[in-house]
Number of protein chains: 2
Amino acid sequence: MSIAPAGMDCVQTMLCGSSANENAFKAAFMRFRGNEREAAGIGRLDFTQEERDSSMINEGPGSPELSILSFQGGFHGRTFGALAATHSKDVHKLDVPSLPWPSAPFPRLEYPLEENVDVNRAEEERCLAAVEQVFNERKGGLVKGGPVAGCIVEPVQSEGGDNHATPFFFIALQEICNRHGAAFMVDEVQTGLGASGMIWCHEHWGLPHPPDFVTFSKKTQVGGYYYRTEFKPNMPYRIFNTWMGDPAKILHLEVIMDVIRKDELIEGTKACGEVLYQGLLNLQKQHPEVLSRVRSAGGTFCAVDAVTPQRRDELYSRMLNLGVMVGACGSKSIRFRPPLTFTAKEIHILIDVMGQAIHDTAPLRSAL
Amino acid sequence: MSIAPAGMDCVQTMLCGSSANENAFKAAFMRFRGNEREAAGIGRLDFTQEERDSSMINEGPGSPELSILSFQGGFHGRTFGALAATHSKDVHKLDVPSLPWPSAPFPRLEYPLEENVDVNRAEEERCLAAVEQVFNERKGGLVKGGPVAGCIVEPVQSEGGDNHATPFFFIALQEICNRHGAAFMVDEVQTGLGASGMIWCHEHWGLPHPPDFVTFSKKTQVGGYYYRTEFKPNMPYRIFNTWMGDPAKILHLEVIMDVIRKDELIEGTKACGEVLYQGLLNLQKQHPEVLSRVRSAGGTFCAVDAVTPQRRDELYSRMLNLGVMVGACGSKSIRFRPPLTFTAKEIHILIDVMGQAIHDTAPLRSAL
């Protein structure tokens, strides 16, 4: 709880990111149905016998037609519920039955941001209108999969190609969720714990209200989610499993947090990220025929696009051979995920090696 | 792999029992669709563009209508896919959307087994006929949820009330699955690692062929599943996640296995289980108005029913107050899950305390 996002008063540990997201989904569905019961003048937990019986055979009304809205290009895990909210690569999903849950487009921004303010705003409004449309067309419960009880979004679509959006988009998305009584869920499994220069990447947005759920895993060693009291299922054993996380991993996290604080690693990452971002902008200026869309979500959470998927793969391999490991994501993006202990010195090496790799791969490319 | 069930040549670790079951489901679906493609004269992995595109929006044919058959009273976990195969208590499922997957009745045996051979055989045949019917009515793909690609069963329905079936049932169930080209999946999350007097409880059945999947977790410290080569997805990243289990937990398991072997704990559990079973039979003979259906799945994997849910709860509480913790499951069962280090001495204490608790709760009961 010492690193809980502001305004979030509860935490539930789980083992991994998928189970964090899935249990957050379950809590969102329980809250949504509880609200519906309350609106109908009955108790939040006053289950009918028909609900009890039908739930046991996976049918409504006990197993309701309700859905989670997610974004095209998003990744939230690979268990069945999390996978239904995942839309980054078909290899994750092919041949696996899914839930009839909707997706909406995620903004595709033009860079540099300061030269593309209007076109990016229009792009984000297009995506928000699509979100609004999904909510509205499902409201009556006539569309397969039913009304939207929650919407999950990554601060940066990492698996999907390091796609960013502006604070305007996320603030408006939260407003739509709130207005429709759906949970606003932020998946910080990849963005959480400092790489963005803040403990939680969504802290960059300046949301007027805290999110309803913030899920975490990876760097935090143990999965789980922060949430607000009103999403507590209020009945034992609705959210439950054998291990409910792993206490030993929380001890690891405590030690990691001690080091992060003592060595001021988040402040360091913020400073170091500025060096990385400027270095990438310089490289892009020198090689506009190879690099585009240099972007940063704060800290070292940066990415750049190569001109083609092939050139991206060549750059990736060449950099690896030169001793620098970067990440490939989306069809032609390179993402940077240095550890929190990186300093400007390592960033300069990284930028030098990338420049070298651009040079080394150029003849190869023209030869092909 | 040193404790792999006979004939199972692959293992995949996961973090928990739910993700073990869900990834086994995914592998079963991939095998089923691969077989369908092969039967249609195309390669197992020759995905069409339509499949690729439709999978990304959770629709067929890429996200196919296929299902996992499970049993009423069964418990396989609480993430969305595992939960769709779980039918033990409504509190697990209420308000959570589900997949349209079928369930079949699990045998309800009469005890003592030797006096109820014919009636139990008829009961198991009734359940097998229901299984066969589910396979047949879904074969054409016209029923919502589609054909059955796999069937998952617990050797003992633990959460559901410690319900047992005879080897005849499981052998026939495997035969039905094989005949319909569906995976036969045994969930040993609760029964695995020795408590039944064998490392794996299904080893008691004498199956003519190994199961297609055996899932494990809990006592094994790490989740996962054994499987046979033909269920390998044969393409990278189809079954994948961040941690793919936890190597440190496998080291724990290795030490645990060393102790189990050195101290001959499974042989000890087998002997100790016989003392427990006979002790329970004696108690039942002394208190036929309170206890019934004493049953054993081998080793200390025993259970008994109380006459009413209320008496069960009283017995449970009284035993706890007398210093013995047992498990309550189903509506009126008490299950025994002593550790592998139990000896006849502790079993005698347990039986004495249970006799005392039956005595102590009797006046309470008549007073009510």
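Bear in mind that the values here come from a model prediction, so they are computed numbers and not experimental data.

With that settled, the discussion passes to the overall build of chain A. Along its length, chain A carries nine helices and eleven strands. Computed over C-alpha atoms, the radius of gyration of chain A comes to 22 Å, within 12% of the 21 Å expected from 2.2 N^0.38 for 368 residues, which places it in the range of a compact globule. In terms of overall dimensions, chain A has C-alpha extents of about 70 × 45 × 40 Å along its principal axes. Per-residue burial over chain A gives 52% buried out of 368 residues. Sequence separation of 24 or more characterises 71% of the internal contacts of chain A that already satisfy a separation of 6 or more.

A word on the interface of chain A and chain B. It is common to report an interface's size as the accessible area lost on association of the parts. Taken together, the contacts link 47 residues of chain A with 47 residues of chain B. At the level of elements, α1 (17-39), α2 (49-55) and α3 (80-84) of chain A are the ones that each hand at least two residues to the side of chain A that touches chain B. Per element, the largest residue contribution to the side of chain A that touches chain B is eight residues, and it comes from α1 of chain A. The residue inventory of the side of chain A that touches chain B, partitioned by class, reads 20 nonpolar, 15 polar and twelve charged.

For the rest of this paragraph, the subject is the packing of helix α4 (residues 117-139) of chain A against helix α5 (residues 167-179) of chain A. Residues and elements named next belong to chain A. At a minimum axis distance of 10 Å, the contact between α4 and α5 shows a crossing angle of 15°. Compared by their axis directions, α4 and α5 come out roughly parallel. Crossing handedness for the pair α4 and α5: right-handed. Every residue of α5 that contacts α4 at Arg-121, Glu-124, Leu-128, Val-131, Glu-132 and Phe-135 is listed here: Phe-168, Phe-169, Ala-172, Leu-173 and Ile-176. A per-class count over the contact of α4 with α5 returns eight nonpolar, no polar and three charged.

Per-residue pLDDT for chain A averages 96, and the proportion of residues at 70 or more is 98%. ipTM for the predicted complex: 0.95, alongside a pTM of 0.96.

A separate point is the pairing of strand β9 (residues 302-306) of chain A. All names here are of chain A. Here β9 lies mainly inside the structure; five of its five residues are buried. Here β9 shows two buried faces, one formed by Cys-302, Val-304 and Ala-306 and the other by Ala-303 and Asp-305. One ladder, built from four bridges, connects strand β8 (residues 291-296) with β9; its direction is antiparallel. Bridging from a neighbouring strand, Ser-292 pairs with Asp-305 of β9. The turn linking β8 back onto β9 is made up of five residues, and Gly-298 within it adopts a positive phi angle of 100°. Inspection of the sheet shows β9 paired to strand β11 (residues 333-336) by four bridges, in the antiparallel sense. Among the inter-strand pairings, Asp-305 is bridged to a residue of β11, identified as Ser-333.

It is worth spelling out the domain arrangement of chain A at this point. Residues and elements named next belong to chain A. Taken domain by domain, chain A holds domain 1 (10-260) and domain 2 (265-367). Measuring from the centre of the C-alpha atoms in domain 1 to the corresponding centre in domain 2 gives 30 Å. Domain 1 puts 19 residues into the contact, and the matching count from domain 2 is 21 residues.

Glancing now at the environment of Phe-184 of chain A. Residues and elements named next belong to chain A. Topologically, Phe-184 is positioned in strand β5 (residues 183-187). A tally of 23 C-beta atoms within 10 Å means that Phe-184 is categorised as buried. Sequence-wise, Phe-184 and Gln-310 are 126 residues apart; in three dimensions their C-alpha atoms are separated by 37 Å.

Residues and elements named next belong to chain A. Pairing is mixed across the open sheet formed by seven strands, whose spatial order is β1-β7-β6-β5-β4-β2-β3. Both outer strands of the open sheet, β1 (10-14) and β3 (103-104), are each paired with one neighbouring strand and no more. Pairing of strand β2 (residues 67-71) with β3 involves two bridges; the strand directions are parallel. Bridging from a neighbouring strand, Ser-70 pairs with Ser-103 of β3. Its contacts with the sheet put α1 on β1, β2, β4 (148-153), β5, β6 (213-216) and β7 (223-227), and the angle it makes with β7 is roughly 35°.

Calculation criteria
- Residues numbered from 1 in each chain as written.
- Chains lettered and ligands numbered in written order.
- Predicted model: local features only at pLDDT ≥ 70, side-chain atom pairs only at ≥ 80, totals over all residues.
- Helix = DSSP H or I, 4+ residues; strand = E, 2+ residues; numbered from the N terminus.
- Rg over C-alpha atoms; globule rule 2.2 N^0.38 Å.
- Buried ≥ 20, exposed ≤ 12 C-beta atoms within 10 Å, placed from the backbone.
- Contact = placed C-beta atoms within 7 Å.
- Nonpolar A, V, L, I, M, F, W, Y, C, P; charged D, E, K, R; others polar.
- Axes fitted to C-alpha atoms, helices over the stretch in contact; angles between N-to-C directions.
- Parallel < 35°, antiparallel > 145°, perpendicular 65-115°, else oblique.
- Left-handed = near helix turned anticlockwise from the far one by under 90°.
- pLDDT = per-residue confidence, 0-100.
- Pairing = 2+ DSSP bridges.
- Domains from an automatic or database assignment.

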